[in-house]
Amino acid sequence: MELIQFKNSALTTSRLIYGCMRIAGDNSPADRAKGKLALRSAIDAGYTHFDHADIYGNGECESLFGEMLAELLTEQSNLRERLIITSKAGIRRINSPKSGDPHRYDFSKKYIIDSVNGSLKRLNVDYLDMFLLHRPDYLMNADEVAQAFSELKSSGKVKHFGVSNFKPSQLSLLQSACDMPLLVNQVEINIHNIDAFENGTLDQCQQLGITPIAWCPLGGVVYPAWGNTFSVDDEQRINREINLQAEKYNVEPWQLILAWLLKHPANICPIIGSTTPQRIVAAKQTLGINYNREDWYRLLEARNGQALP
Ligand SMILES: NC(=O)c1ccc[n+]([C@@H]2O[C@H](COP(=O)([O-])OP(=O)(O)OC[C@H]3O[C@@H](n4cnc5c(N)ncnc54)[C@H](OP(=O)(O)O)[C@@H]3O)[C@@H](O)[C@H]2O)c1
């Protein structure tokens, strides 16, 4: 597995990150066993970076990972040091903690610190390698967040920090208040959602040495993306081009979509969310695809349904 270094730090990550959002499934014994097998497959395949959030499976995904890590540590005693464990917080669900509470975002210092403590407990680790703010809080006080980050860093509970779903201006504001560099911005990037190409997110990443991480990289045609706007005609047109190119590069169509993201010079790191061991392993083949500029633009035009200006 290709490793890359996060700019502004000595930390290295596998180029493909394993996403733990689906590992607990419906939390049945069968789904939990499947999730553990997926984690083991990812580790065996060389993924070193595991992405979590406090809300995934209502905390069950972190707990399952913690269980699996304890089992794996009996076989590989130095495993923890080889992994990057990232978690996120800041989204508070409806009726939580009290009935009647609305869905909301919360970057208050107390909530951030309490959330990290909860994640550490569920993951059964002493520190997070990286902590991300999950979705921008409209009421963010950047100085208060910076204080929370400083305390978490000085207590040794979090080594590095970043954000998720931040617009460039929101990231700039937070960075201006923080002593430590923000290492990543985790955003949705896929064939359906190309906002990051157009709204300055990837430009800012390149300018500031921030690593863009793509969530739901296969959304759009493999399964409907969030807020899907593709019609059946769109899907057919895009799939036609993807299938043609997949045949040309001798890969599966879903692998071709990953290659399209990897081509971008901002060094996008896709998060692989499959729980199928064969797909977790096969995703690595995409790193070896020598994907060319002409095909990148052909697929963009197929996606747009019109020629570029
Ligand atoms: N920051 C955020 O706001 C945010 C939001 C969402 C997600 N995330 C992160 O991003 C990670 C990845 O998201 P994701 O799981 O949506 O990513 P994904 O890799 O785009 O999608 C995985 C899903 O696609 C299915 N799939 C993959 N290949 C397929 C194929 N060839 N045919 C049919 N189905 C296929 C998988 O099914 P199988 O499991 O059956 O293979 C799985 O259900 C999450 O785990 C989480 O860590 C972050």
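Structural data are supplied above this passage.
Attention in this report is confined to the structure presented alongside it. (Residues numbered from 1 in each chain as written. Predicted model: local features only at pLDDT ≥ 70, side-chain atom pairs only at ≥ 80, totals over all residues. Heavy atoms only, no water.)

## Re the site of the ligand
The local shell around the ligand holds 25 residues, among which Arg22, Asp51, Ser274, Thr275 and Arg279 are the closest. Here an oxygen atom of the ligand sits 2.7 Å away from a polar atom, N or O, in the main chain of Thr275. Of all the cavities here, the one that holds the ligand is the largest pocket. Per-class residue counts for the shell around the ligand are 12 nonpolar, 9 polar and 4 charged. (Near = heavy atom within 4 Å. Polar contact = N/O pair within 3.5 Å; in protein donor to acceptor, adjacent residues only side chain to side chain. 1 Å grid on protein atoms, 1.4 Å probe; cavity = no way out; pocket = protein on both sides within 12 Å on 5 of 7 lines; lining within 4 Å. Sits in = over half its atoms within 2 Å of the grid points. Nonpolar A, V, L, I, M, F, W, Y, C, P; charged D, E, K, R; others polar.)

## Some details on the layout of surface pockets
Quantified by volume, the largest pocket comes out at close to 690 Å³. For the largest pocket, the lining is made up of 31 residues, of which Met21, Arg22, Cys216, Tyr223 and Gly273 are closest to its centre. Roughly 450 Å³ of internal volume is contained in the second largest pocket. As for the second largest pocket, its lining consists of 19 residues, of which Arg135, Pro136, Asn165, Phe166 and Lys167 are closest to the centre. Among the residues making up the lining of the second largest pocket, the classes are represented as 9 nonpolar, 5 polar and 5 charged. (Points joined across faces, edges and corners; volume = space filled by probe spheres on them.)

## Thoughts on the side chain of Ser9
With respect to the helices and strands, Ser9 occurs in the loop between strand E1 (3–5) and strand E2 (12–14). Discounting chain neighbours no more than four positions away, the residues touching Ser9 are His160 and Leu183. (Helix = DSSP H or I, 4+ residues; strand = E, 2+ residues; numbered from the N terminus. Contact = heavy atoms within 4.5 Å.)

## Quick notes on the pattern of salt bridges
All chains considered together, the criterion is met by 17 salt bridges. Measuring nitrogen to oxygen at the nearest pair gives 2.5 Å for the salt bridge that ties Lys110 to Asp114. Within this pair, Lys110 and its partner Asp114 are both found in helix H4 (residues 109–123), separated by 4 residues, close to a single helical turn. According to the relative accessible area criterion, Lys110 is exposed, its value standing at 60%. (Salt bridge = Lys/Arg side-chain N within 4 Å of Asp/Glu carboxyl O. Buried < 20%, exposed > 50% of the residue type's maximum accessible area, 1.4 Å probe, protein only.)

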